[in-house]
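# An overview of the molecular structure
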Amino acid sequence: MNLEKFLSFDDIQKSLENRETDCKAIVNYYLENIQTKAHLNAFVEVYTDSALEQASLVDEKISSGKAGKLAGMVIGIKDVLVYTDHESNASSKILKGFNSQFTASAVQRLIDEDAIVIGRLNCDEFGMGSSNENSAHGKVLNAADESRVPGGSSGGSAVAVQANLCTVSLGTDTGGSVRQPAAFTGLVGIKPTYSRVSRWGLIAYASSFDTIGVFSRNVQDNALVMEVMAGPDNFDSTVSRKAVPHYSELLHFNKRAKVAYLTETIESPALQEEIKANTISVLDKLKEEGHTVEEVHFPLLKYILPTYYILTTAEASSNLSRFDGVKYGYRTPNAHNLESMYKKTRSEGFGDEVKRRIMLGTFVLSASYYDAYFTKAQKVRRLIKEFTEDLLTKFDYIIMPTTPTTAFKFGEHSNDPVAMYLEDLFTVQASVSGVPSISIPNGKDKKGLPIGLQVMANSFKEAELYAFAKYLTELNVNE
Amino acid sequence: MKVDLNTVKKIAHLARLEFDEAGAEKIKNDMTQILDWVEQLNEVDTEGIEPLTTMSSEVNVLREDEEGEHLSHDRALSNAPQKDSDYFRVPKVLE
């Protein structure tokens, strides 16, 4: 069996056009890969029957010339996106047995264009984690080095594409949960502008940060999936009604770019030497090619993570209050009255990291501490957002490393929550500010582990971001 | 901010969680460590800055009040851990 087939959607479309294959064969090919690579634990559940059924339907549409623009694409979805009559757990025991009565809008739009959903993918519980070690479904192995984490929280989504178990996958990114695992696995991963993609059917973690993003091997596929998913939706009152450009048709880049990089990122003591070197070579190459590259100071950088943790834990404590054992999911068998049913259900159903964040969030929202923590963080958020947006009107892009280190070993940060939180040091700026940000491969370190390069643009500039990201990958600076 | 066991107990009740002795001790230490770390924010001057309370630039959109489809009774109850023909069931509240 050739594991190195169908490495891009373009490959798939060509094979379909030349009638060398059909959707059923493509699905069977991925199903076989999934079986061979089952030990990576990327998939929580494989939808063998419904995927093959969908494949036959799409094959019929292809022969009658009625196929949608994603015909032949096989996708995996993170276990926080719901899909009608399929189980979703958010990798938590508390949602055991939950079968959704509806489909997430983002997923539905891909299906409407004839993408095939092959299964759901492992992640950190409710998206809370940076290593995929906080999952009721167990850890996911990084296919680049199986003793190392794939990143998180969308670890399964990253590994599924990395190991060629599906064409593209959906993840969610609240503070770096698509970009960090994309960097750790050598993929392209985007977090779109906040409110660009409907959150209907996304099991909420922190509602003013949550976004749905895409993992792919190349920029082209990523752009195509995003243009199908994005846009207005009657089920999400916060989603933007701005028109969605055809990102995949706007990938040609022929401008002189103005690029900023932040001193505090490149000079960070936490930054691994090889990542620093590879980031600098990209900046040097851009100068050589005639682009403007300038260093900018951002003294607020170190305050972004604390801001992020106060606000996201507060939002999480509120969002996760719905898991009470009444309407769906797990209910304790040990309750003697209503209050003990709530408490025992939640204490038995949630994992340690989730409980830690609920406790912290409840604390910062409690009457005596609200102003000192929550309101303070909302004020700092405004400063960070305004600085970032202002910088992105003076410059087209901000470039920085995606992560301070490459993929770390299992258990390396397990006993120190703050050390784990620092993994998101460079990804949280875009999340706190709401702007789009993409991670693209940028060579490897001495151990052969993938390095990511992060590019940010101003809100709703996904088209410009994709085009520049494609240009950067074609410069091949660190290949 | 040093969190004590009493605060852990109070917050846990508000969050409808419970911890055994070892668990309470651990969460107490974790919360203290994380709060000490987030308190760096006090170094930032936010005098005169308004808190940021919404991230979406959309304003309310009202649609026509048209009749739509409901989730059926059976479908809505389908995930219930305990139910009867009409309702979700919970432990008895009134004695």
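Everything quoted here is computed from the prediction, not taken from an experiment.

Residues and elements named next belong to chain A. Summarising burial for strand 6 (residues 211–216): six of the six residues are buried, a large majority. As judged from the five bridges shared by strand 4 (residues 168–173) and strand 6, these two strands associate in the antiparallel manner. Its bridge partner lying in strand 6, glycine 171 is registered against glycine 213. Note: strand 5 (residues 188–191) against strand 6, three bridges, orientation antiparallel. Paired with isoleucine 190 across the two strands is valine 214, which belongs to strand 6.

Further remarks concern the sheet that holds strand 6 of chain A. All names here are of chain A. A sheet is described by the order of its strands in space; here eleven strands give the open sequence 1-3-2-4-6-5-10-11-9-7-8, paired in mixed fashion. A single partner strand is all that each edge strand has here, and the edge strands are strand 1 (43–46) and strand 8 (292–296). Strand-to-strand twist across the sheet, computed as the mean angle between neighbouring axes with direction ignored, equals 30°. In the sheet, strand 2 (residues 74–78) pairs with strand 4 via three bridges, with the strands oriented parallel. Bridged to isoleucine 77 within strand 4 is leucine 170. This element, helix 13 (residues 370–394), spans strand 7 (258–262), strand 8, strand 9 (397–401) and strand 11 (450–456) of the sheet and lies at about 115° to strand 9.

Let's shift gears to the pattern of salt bridges. One side chain can pair with another of opposite charge once the charged atoms of both are near each other. Within this structure, the stated rule accounts for 26 salt bridges over all chains. In this structure, B:Lys28 engages B:Glu25 in a salt bridge whose closest nitrogen and oxygen atoms are separated by 3.3 Å. Here B:Lys28 and its partner B:Glu25 are both found in helix 2 (residues 21–38), three residues apart, which amounts to about one turn of the helix. Here B:Lys28 falls in the buried class, since its relative accessible area comes to 14%. On the basis of relative accessibility, which here comes to 33%, the residue B:Glu25 falls in the partly exposed class. Each member of the salt-bridge network shares a partner with another, and the members are A:Glu353, A:Arg356, A:Arg357, B:Lys26 and B:Asp30.

The next subject is the interface of chain B and chain A. Buried accessible area, meaning the area lost when the parts come together, often serves as the stated size of an interface. In this assembly, 52 residues from chain B lie in contact with 66 residues from chain A. A combined buried area of about 5,400 Å² lies between chain B and chain A, and 67% of that area is made up of carbon and sulfur atoms. Linking chain B with chain A are five salt bridges. Within the residue set of the side of chain B that touches chain A, elements represented by two or more residues are helix 1 (5–14), helix 2 and helix 3 (73–77) of chain B. Among the elements that line the side of chain B that touches chain A, the one with the most residues is helix 2 of chain B, at nine residues. Across the side of chain B that touches chain A, the residue classes break down as 30 nonpolar, eleven polar and eleven charged.

Residues and elements named next belong to chain A. Close contact between helix 9 (residues 273–288) and helix 16 (residues 462–475) brings their axes to 11 Å; oriented N to C, the two are set at 100°. The angle between helix 9 and helix 16 falls in the class roughly perpendicular. Seen from helix 9, the contacting residues are Val282, Lys285 and Leu286; seen from helix 16, they are Phe468, Tyr471, Leu472 and Leu475.

Let's shift gears to the UniProt feature "domain: Amidase" (unreviewed entry) in chain A. As recorded in UniProt, the feature "domain: Amidase" (unreviewed entry) lies at residues 26–465 of chain A. Taken end to end, residues 26–465 of chain A comprises 38% helix and 14% strand; its first and last C-alpha atoms sit 31 Å apart.

This paragraph deals with the packing of aromatic side chains. All names here are of chain A. Tallied over the full model, the rule gives 26 aromatic pairs over all chains. Relative to tyrosine 29, the ring of phenylalanine 6 lies with its centre 5.1 Å away and its plane at 85°, an arrangement referred to as edge-to-face. With phenylalanine 6 in the segment before helix 1 (9–17) and tyrosine 29 in helix 2 (residues 23–36), the pair connects residues that are 23 residues apart, well separated along the chain. Of the two residues, phenylalanine 6 and tyrosine 29, neither departs from the other in class, the shared state being buried. Pairing tryptophan 200 with phenylalanine 235 gives two aromatic rings, centres 4.9 Å apart and planes at 20°, and the pair type is stacked.

About the cut-offs
- Residues numbered from 1 in each chain as written.
- Chains lettered and ligands numbered in written order.
- Predicted model: local features only at pLDDT ≥ 70, side-chain atom pairs only at ≥ 80, totals over all residues.
- Heavy atoms only, no water.
- Buried < 20%, exposed > 50% of the residue type's maximum accessible area, 1.4 Å probe, protein only.
- Helix = DSSP H or I, 4+ residues; strand = E, 2+ residues; numbered from the N terminus.
- Pairing = 2+ DSSP bridges.
- Axes fitted to C-alpha atoms, helices over the stretch in contact; angles between N-to-C directions.
- Contact = heavy atoms within 4.5 Å.
- Salt bridge = Lys/Arg side-chain N within 4 Å of Asp/Glu carboxyl O.
- Buried area = accessible area lost by both parts, 1.4 Å probe.
- Nonpolar A, V, L, I, M, F, W, Y, C, P; charged D, E, K, R; others polar.
- Parallel < 35°, antiparallel > 145°, perpendicular 65-115°, else oblique.
- UniProt positions renumbered as here; feature names shortened; annotations may be inferred.
- Phe/Tyr/Trp six-rings, centres within 6.5 Å; stacked < 30°, edge-to-face > 60°.

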